[in-house]
Amino acid sequence: MAFNLRVNGVAIKCPSSFSFGLQDISSPDAGRTQDTLMHKERVGQKVKLELSWNGLTWEENNQLLLDAENGWGYSCLTMIDRETVGIFYESSVAHMTFQAIKLKDIIKTK
């Protein structure tokens, strides 16, 4: 069964594995009494979802989302210095946007 996973409205690749956990959160009064009976008052539950992606391509592993909405398409990329790239583009929230981005934030090294 395929499903559509979205983060901040952007579709992302389905994980290769996942696990789900459910943990009770008890009140401070919970515990054993002298008669060895366990008294538990659940005040909430904690949901934990772990996702992992194996075998991402270089392109998938080295992407940086600048604008999650539909842009207009024009862009220009230039080096500012040895560690920074500048991108000038038409975004969804402004006619023209300029962002300076450190290369280490785009290209992940191990």
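Residues numbered from 1 in each chain as written. Predicted model: local features only at pLDDT ≥ 70, side-chain atom pairs only at ≥ 80, totals over all residues. Heavy atoms only, no water.

### Overview of the overall build of the chain
Counting its secondary structure elements, the chain contains two helices and nine strands. Helices and strands appear in the chain in the N-to-C order β-β-β-β-β-β-α-β-β-β-α. Split into buried and exposed, the 110 residues of the chain put 13% on the buried side. The contacts in the chain between residues at least 6 apart in sequence include a share of 35% that link residues at least 24 apart. With an accessible surface of roughly 9,400 Å², the chain has 55% of that area assigned to carbon and sulfur atoms. (Helix = DSSP H or I, 4+ residues; strand = E, 2+ residues; numbered from the N terminus. Buried < 20%, exposed > 50% of the residue type's maximum accessible area, 1.4 Å probe, protein only. Contact = heavy atoms within 4.5 Å. Areas by Shrake-Rupley, 256 points an atom, 1.4 Å probe, with all protein chains shown as cover.)

### Details of the environment of threonine 78
Looking at the element boundaries, threonine 78 is found in strand β7 (residues 75–81). Under the relative-accessibility criterion, threonine 78 is labelled partly exposed at 43%. Each C-alpha atom of the pair threonine 78 and alanine 100 lies 9.6 Å from the other, and the pair is 22 residues apart in sequence.

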